[in-house]
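# Descriptive structure summary
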Amino acid sequence: MNPLIDPFDRPITYLRVSVTDRCDLRCVYCMSEDMSFLPKSEILTLEEIDQLCSAFIEAGVTRLRITGGEPLVRRGVMNLIGALGARLGQGLDELTLTTNGTQLARHADALVRAGMRRINVSLDTLEPDRFARLTRWGRLDQVLAGIFAARQAGLAVRINAVALRHENEDEFDAMLEWCGRHGFDLCLIETMPLGEVTGSRADSYLPLSLVRARLRRRWTLDETDYRTGGPARYVTVRETGRRLGFITPMTHNFCEDCNRVRLTVTGTLYMCLGQEDAADLRAPLRRGDDIQAAIAEAISRKPKGHDFAIERRGAGRGVSRHMSVTGG
Ligand code: SAM
Ligand code: SF4
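The paragraphs below set out a description of the structure included in this document. (Residues numbered from 1 in each chain as written. Chains lettered and ligands numbered in written order. Predicted model: local features only at pLDDT ≥ 70, side-chain atom pairs only at ≥ 80, totals over all residues. Heavy atoms only, no water.)

## Observations concerning the pairing of strand 6 (residues 118-122)
Going by this rule: Partly exposed residues are those whose accessible area sits between 20% and 50% of the maximum for their type, while under 20% is buried and over 50% is exposed, using a 1.4 Å probe and protein chains only. Strands here are runs of E lasting at least two residues and helices are runs of H or I lasting at least four, both read from the DSSP assignment and numbered beginning at the N terminus. Here is how to tell: hold the view so the strands point away, follow the path from the first strand over the helix to the second, and if it runs clockwise the crossover is right-handed. DSSP bridges decide pairing: two strands pair if at least two such bridges lie between them.
Strand 6 sits mainly inside the fold: 4 of its 5 residues count as buried. One crossover worth recording links strand 5 (residues 94-99) to the parallel strand 6 by way of helix 3 (residues 104-113), and it is right-handed. Where strand 6 lies against strand 7 (residues 156-163), 5 bridges are found, and the strand directions are parallel. Each bridged residue has a counterpart across the sheet, and for V121 the counterpart in strand 7 is I159.

Structure representation (structure tokens):
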């Protein structure tokens, strides 16, 4: 099957699917403490999500990432993951997950049975008090138990950490060392202006160019062209043998070779994480219209890139949706 091609000649082969906007944590950079969530009537059933994913696979998408909100808090989500896993080798090359890890200990074996080989777990700090403050409701030991259960089940784990000035910027050496010791890759992410949160984005924004320069004082970072098809750019840490990724939407615009689109739990397709334009796939799906035509029309509107900015003075440019809506 030929992949979908957007107006800038980029093949769209990667779909990120948010299966819920809800979460059992309230990370300070992602959500406000009193988030309101979508009513049930608005959200797709798991069967509808499966139908839309299947339509994308038919259209040429080869990689799916399940995300949220926290995907593992949606009741029945393992049935969906199992159904999607059955498409592996039949058009689908890879099925992955981004999770906060709180429910991983229960689900790790089933993820492997569904055909998953690697997952991303978000973990911004290894210090229990800091973890509790950053996630508002989280317990570090629960997440660590999930991460080790995933490793035990045979999943390759990449730890994702959002780089936050004054919060975890003193911990990256320790995290790199910890990941090396336990066999995990680490990926650092620049904070993006998505949705209203408590506190100022400008205060917590930390350019990864700075972090990289600091890490070079202690570690040998060897260039590599390893790619997973996502936005991360990697180096290999010579001392640990593990990879270190950087996702730099702010300091280095990663749009030119974007291959991704994002489906929310209401069936809204966002062609770009950093733009408001979207296509509704729920109505055509529920009417029984031609979904392939709706997908192709949406892809024909994929913009060239985002125009995020976080300025030290002034409001900065962002989008009003929280990351938990579009999915990370
Ligand atoms: N709940 C799951 C988790 O935390 O991994 C999946 C969804 S979460 C929205 C996906 C990723 O987005 C997480 O790694 C999180 O740290 C990141 N994220 C959330 N808000 C962000 C923001 N404003 N800027 C950059 N990354 C963000
Ligand atoms: Fe939940 Fe993930 Fe957002 Fe944290 S980053 S509040 S775990 S959706």
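## A look at the site of ligand 2
Our working definition: Here a residue is near a molecule or strand as soon as one of its heavy atoms is found within 4 Å of it. The residue classification treats Ala, Val, Leu, Ile, Met, Phe, Trp, Tyr, Cys and Pro as nonpolar and Asp, Glu, Lys and Arg as charged. All others, Gly included, are polar.
Every residue near ligand 2 is listed here: C23, L25, R26, C27, C30, M31, G69 and N100. When the residues that make up the shell around ligand 2 are grouped by side-chain class, the tally is 5 nonpolar, 2 polar and 1 charged.

## A short note on the side chain of R74
For clarity, the threshold we go by: Residues scored as charged are limited to Lys and Arg (positive) and Asp and Glu (negative), so that His and the chain ends carry no count. Salt bridge, as used here, is a side-chain nitrogen of Lys or Arg placed within 4 Å of a carboxyl oxygen of Asp or Glu. Polar contact is the term for a pair of N or O atoms within 3.5 Å; when the atoms are in protein, one must be able to donate a hydrogen and the other to accept it, and sequence-neighboring residues count only if both atoms are side-chain atoms. Note on contacts: a residue pair qualifies if any of its non-hydrogen atoms lie within 4.5 Å across the two residues.
Along the chain, R74 falls in the loop between strand 4 (63-67) and helix 2 (77-85). In this structure, R74 is buried with no salt-bridge partner, the nearest side chain bearing the opposite charge being E47 at 6.7 Å. Within the structure, the side chain of R74 is placed 3.0 Å from the backbone oxygen of L44, a separation counted as a polar contact. Those residues within four positions of R74 in sequence are excluded, and the remaining contacts are V19, T20, I43, L44, T45, L46, I49 and V265.

## Details of the packing of helix 1 (residues 46-59) against helix 2
The criterion, for reference: The axes used here are C-alpha line fits, helices contributing only the stretch in contact, and every angle between their N-to-C directions lies in the interval 0 to 180 degrees. Working definition: roughly parallel below 35 degrees, roughly antiparallel above 145 degrees, roughly perpendicular at 65 to 115 degrees, and oblique for all remaining angles. Crossings are sorted by hand: turned counterclockwise from the far helix by less than a right angle, the near helix makes the crossing left-handed, and turned clockwise it makes it right-handed.
Running from N to C, helix 1 and helix 2 cross one another at 25 degrees; their axes reach a closest spacing of 10 Å. Between helix 1 and helix 2, the crossing angle belongs to the class labelled roughly parallel. Like other packed secondary-structure pairs, helix 1 and helix 2 cross with a definite hand, here right-handed. Only V77, L80, A83 and L84 of helix 2 make contact with helix 1, whose side of the interface consists of L46, I49, D50 and C53. For the contact of helix 1 with helix 2, a count of residues per class yields 7 nonpolar, no polar and 1 charged.

## Thoughts on the nonpolar core
The tendency in soluble globular proteins is for nonpolar side chains to be buried side by side. Selection rule: Buried residues of nine kinds, namely Ala, Val, Leu, Ile, Met, Phe, Trp, Tyr and Cys, make up a nonpolar core once their side-chain atoms join them within 4.5 Å.
Of all hydrophobic cores here, the largest spans 77 residues; its most connected members are L15, L64, I159, L188, L244 and L269. The element contributing the most residues to this core is helix 1, with 8 residues. Setting aside residues up to four positions removed in sequence, L15 forms contacts with C53, F56, V61, R63, L64, R65, V261, L263 and L269. By size, the runner-up hydrophobic cluster in this structure holds 15 residues, among which are Y29, M35, C187 and I189.

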